[in-house]
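Listed here are the chains, written in short residue letters.
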Amino acid sequence: MRQVSSLSCDWLFCEGFSQEYLEFQDPKLFQAIQLPHMNKEIPYNYFDEKMYQFVSTYARKLDIRPEYQGKRVFVDFEGAMAYAEVFFNGQLVKIHKGGYTPFSAELTDYLNFTGENTLVIKLDSTERPDIPPFGNVIDYLTYGGIYRDVSLRVVHPTFIENVFAKPKVKSQVAEELVTTIFLASSAATKVHGAATVALYQKGSLVAEAETPFQIDAAAQTSVDVVIHQEELQGVMLWDIDDPNLYELRVSLAIDGEIVDDCQTSIGFREFDFRLDGFYLNGRKLQVRGLNRHQAFPYVGYAMPERAQKRDADILKYELHLNAVRTSHYPQSRHFLDRCDEIGLLVFEEIPGWQHIGGPEWKDVSYSDVRLMIERDWNHPSIMMWGVRINESPDDHDFYLETNRIARELDPTRPTAGVRCHRGSEFLEDIFTVNDFSHSGGELILDTQESWTNLPHRVPYFVTEFNGHMYPTKRFDQEERLMEHVLRHVRVQDAAAKSEDIHGAFGWCAFDYNTHFEFGAGDRICYHGVMDMFRIPKFAAFVYRSQVSPMVDPVLEPVTLWARGERSIGGTLPLVILTNCEYVDVYLAGEIVGRFYPDRDRYKGLEYPPIVIESIENVGVWGSTWFDGEFVGYVQEQEVTRKKFVKNPVATELIVTPDDTELLANGQDVTRLVLKIVDQAGNLLPYLAESLKIEVTGPAQLIGPAQVTLIGGCLATWVKTTKEPGQIRVSVTPSTLDLPGQSVELIAKREEG
Ligand code: GAL
């Protein structure tokens with residue numbers, strides 16, 4: 001059976017590369033690090049984006065055991081930015097181009113069973129023009145480093161290279177499961193054996209099938225194992241509300257002995273992209289999503305499993321989205337695993353941004369298509385493959401080929417590709433377009449026909465809107481925050497009302513770092529409905545409110561509740577993002593009105609906002625100012641309320657960790673949200689207090705230990721070491737006379 005072990009700990013790192021480093025090494029030159037790793041921690045903003053664009057060296061000793069004799073040994077890299085040369089015991093064993101795709105280096109022929117074994121990676125994290133997305137300016141940063149996990153895989157000479165499970169569902173019934181098993185053999189003679197596929201649900205066997213195979217000496221082949229409908233009776237479908245996953249265990253036996261095995265999660269579901277909409281398991285579903293960049297403050301992409309999964313949870317449970325676009329590249333497998341687990345649809349695409357390079361560059365792009373699909377084809381959440389470079393011009397031959405590769409590899413999913421030019425050549429199965437038509441005026445989304453220039457309808461998604469049309473900071477002025485909200489409302493409403501838009505993905509979920517040419521000049525694009533720390537702006541509640549109040553009652557008046565914040569003063573018109581049936585408004589304890597969602601204007605939204613145009617005594621500069629209270633009702637019952645004070649003062653520092661129990665594996669993290677609130681528990685959006693953060697116990701802070709609240713709030717992450725134990729994070733205000741706060745976390749050893 002195969003052995004897979006994590007190689008994410010115990011690396012040495014240094015900036016630069018020299019041939020002598022292959023010899024390994026003066027330890028003084030190197031720094032001890034764990035993966036995922038960014039080659040240089042960066043400040044929150046206003047840094048020079050060249051600071052992480054350099055060549056660096058990663059080195060690690062490998063423990064090569066006697067039992068590896070006669071086996072094949074690989075190192076699997078999940079992602080390293082952007083060009084890697086892998087050396088093992090001084091030999092160059094692999095070159096990989098591309099910062100978002102996995103690669104493996106085979107070590108078998110160079111193993112040293114009697115002495116030391118050293119792995120060295122020369123990593124070029126510059127923006128090399130021969131590798132997508134580079135060659136021109138791009139609106140995001142790619143950071144540097146080996147920023148995903150690495151593992152060691154030891155297999156039998158005849159082994160499973162990959163598995164593609166193709167569950168077939170028709171009219172909501174599981175009809176068949178064909179699993180293609182890709183085999184490789186380095187045996188000296190032809191090998192015969194049997195491949196077995198076993199389908200499990202929560203540990204219980206559901207069905208099993210076996211197919212004999214034979215493979216020539218030093219060859220590759222594939223074998224299909226089929227589980228038929230009779231054995232799939234009672235299989236439950238994967239759906240966004242009920243994401244049933246099954247585990248597929250695949251094994252290979254030669255002479256009755258199992259020599260290799262692997263497993264993957266799969267789901268049975270039926271996607272149907274009809275002309276009148278997208279159907280999931282026979283049910284029409286308006287796709288409502290956002291784009292996600294995988295960037296975090298200070299360490300860029302180098303965030304481990306827990307933070308990746310948390311992002312998916314934020315999209316699903318805090319924003320109640322049903323879909324995400326992984327703009328503009330394949331993202332962490334942990335993120336995708338979580339999308340499978342919680343029922344979040346994914347539109348995944350190849351790396352690139354507007355620019356198409358020369359032949360060498362295109363070759364890398366073809367390989368990106370391949371590696372993306374071969375890595376991710378078993379994820380039930382993935383609904384379509386993006387095989388165009390985001391917003392690039394037409395290029396007939398190039399896109400004919402990316403489509404061909406995708407269709408050949410995966411005949412079960414449609415291709416798509418994001419464009420922003422009208423009438424661009426439609427070579428894909430699904431037409432996807434960034435429609436930035438809305439700039440505050442009457443036009444919300446343009447017609448399908450105006451984008452496709454086709455005489456007939458096609459399956460069609462809007463893959464971006466808003467973004468640069470209306471950048472908005474979490475701490476912007478109230479009128480801007482309101483317009484930001486309304487633009488998301490208007491476009492999602494228009495998309496839902498339209499008869500030929502299957503769904504819309506807003507730009508974007510989280511603010512992200514970018515080059516100086518884009519964003520606010522401070523290396524941040526403030527296009528998110530949440531900031532880089534994943535703290536919501538008001539626009540987040542446009543999405544959050546689109547769920548039943550029984551699941552999550554939402555009542556978010558888009559106001560800082562200050563009489564002089566807006567131009568000319570007052571708080572009107574007042575938009576309330578809510579899923580309540582009505583909201584009562586109180587001023588100074590007196591009810592002043594009952595208000596209902598604006599169903600006439602926003603017919604497309606299940607839970608449209610309330611828009612209050614007038615309330616007596618509110619909205620007048622210079623008049624009395626009051627405490628305010630909003631109470632939301634569903635079926636005559638109060639479900640939520642929100643209070644504002646007229647005279648907010650800093651009252652309490654609150655520190656909220658996302659998790660209190662972590663793994664002592666040298667790479668686990670959790671986020672802590674830091675905020676100072678007023679008497680009613682509301683954020684003080686213009687508070688710029690600085691805070692000192694101290695960590696004791698087996699953990700380290702990611703980012704600075706002295707921070708200043710941005711818009712009254714900030715977050716930080718702590719990362720575990722390999723030691724288990726109690727961790728204490730203490731936060732102290734620097735000038736405000738408020739008590740500091742501490743939270744206790746615990747780092748536990750990984751089981752097993
Ligand atoms: C689009 C692009 C995105 C982002 C966005 C900002 O044109 O695809 O990556 O730059 O604009 O609105």
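Coordinates for the structure precede this section.
Below, the structure is looked at part by part. (Residues numbered from 1 in each chain as written. Predicted model: local features only at pLDDT ≥ 70, side-chain atom pairs only at ≥ 80, totals over all residues. Heavy atoms only, no water.)

Attention now goes to the site of the ligand. In the region of the ligand, 13 residues are neighbours, and Asp139, His328, Trp353, Glu391 and His468 sit closest. Contacts to the ligand include tryptophan 353, whose side-chain N or O atom sits 2.7 Å from an oxygen atom. Separating an oxygen atom of the ligand from a side-chain N or O atom of asparagine 390 is a distance of 2.8 Å. Within the complex, 95% of the 310 Å² of free accessible area of the ligand lies under protein. Tallied by class, residues from the shell around the ligand come to 4 nonpolar, 6 polar and 3 charged. (Near = heavy atom within 4 Å. Polar contact = N/O pair within 3.5 Å; in protein donor to acceptor, adjacent residues only side chain to side chain. Areas by Shrake-Rupley, 256 points an atom, 1.4 Å probe, with all protein chains shown as cover. Nonpolar A, V, L, I, M, F, W, Y, C, P; charged D, E, K, R; others polar.)

Right, let's get into the pattern of salt bridges. All chains considered together, the criterion is met by 59 salt bridges. Note that arginine 404 and glutamate 401 form a salt bridge whose closest N and O atoms lie 2.9 Å from each other. Here arginine 404 and its partner glutamate 401 are both found in helix H4 (residues 396-409), 3 residues apart, which amounts to about one turn of the helix. Between aspartate 429 and arginine 407 there is a salt bridge; the shortest N-O distance is 3.0 Å. (Salt bridge = Lys/Arg side-chain N within 4 Å of Asp/Glu carboxyl O. Helix = DSSP H or I, 4+ residues; strand = E, 2+ residues; numbered from the N terminus.)

A few words on the packing of helix H1 (residues 305-318) against helix H2 (residues 333-342). Relative orientation of the contacting elements H1 and H2 amounts to 40°, with a least axis distance of 8 Å. Overall, the two elements H1 and H2 adopt an arrangement that is oblique. Handedness of the crossing formed by H1 with H2: right-handed. Residue-level contacts link Glu305, Gln308, Lys309, Asp311, Ala312, Asp313, Leu315, Lys316 and Tyr317 of H1 to His334, Phe335, Arg338, Cys339, Glu341 and Ile342 of H2. Here the contact of H1 with H2 is composed, by residue class, of 6 nonpolar, 2 polar and 7 charged. (Axes fitted to C-alpha atoms, helices over the stretch in contact; angles between N-to-C directions. Parallel < 35°, antiparallel > 145°, perpendicular 65-115°, else oblique. Left-handed = near helix turned anticlockwise from the far one by under 90°. Contact = heavy atoms within 4.5 Å.)

Looking now at the environment of tyrosine 44. Structurally, tyrosine 44 is set in the loop between strand E3 (31-33) and strand E4 (55-61). When the C-alpha atoms of tyrosine 44 and aspartate 241 are compared, they prove to be 37 Å apart, with 197 residues separating the residues in sequence. What tyrosine 44 contacts, discounting residues up to four positions off in sequence, is Pro297, Tyr298, Asn513, Ile524, Tyr526, Met532, Phe533 and Ile710.

Moving on: the sheet that holds strand E45 (residues 699-702). Spatially, the 4 strands line up as an open sheet ordered E41-E43-E47-E45, and their pairing is antiparallel. The open sheet has two free edges, formed respectively by strand E41 (652-657) and E45, since each of these has just one partner strand. Strand after strand, the sheet turns through a mean of 25° between neighbouring axes, direction not considered. Bridge count between E45 and strand E47 (residues 713-720): 4 bridges; the pairing is antiparallel. In the sheet register, isoleucine 702 faces E47, and the bridge partner there is tryptophan 717. (Pairing = 2+ DSSP bridges.)

In this section: the side chain of arginine 292. With respect to the helices, strands and loops of the structure, arginine 292 is situated in the loop between strand E23 (287-291) and H1. Judged by its relative accessible area of 0%, arginine 292 is buried. Polar side-chain contacts of arginine 292 include one of 3.0 Å to the side chain of glutamine 308. Separated by 2.8 Å, the side chains of arginine 292 and aspartate 311 make a polar contact. In this structure arginine 292 touches Gln308, Asp311, Val324, Arg325, Thr326, Ser327, Gln331, Phe335 and Phe510, once residues within four positions along its chain are discounted. (Buried < 20%, exposed > 50% of the residue type's maximum accessible area, 1.4 Å probe, protein only.)

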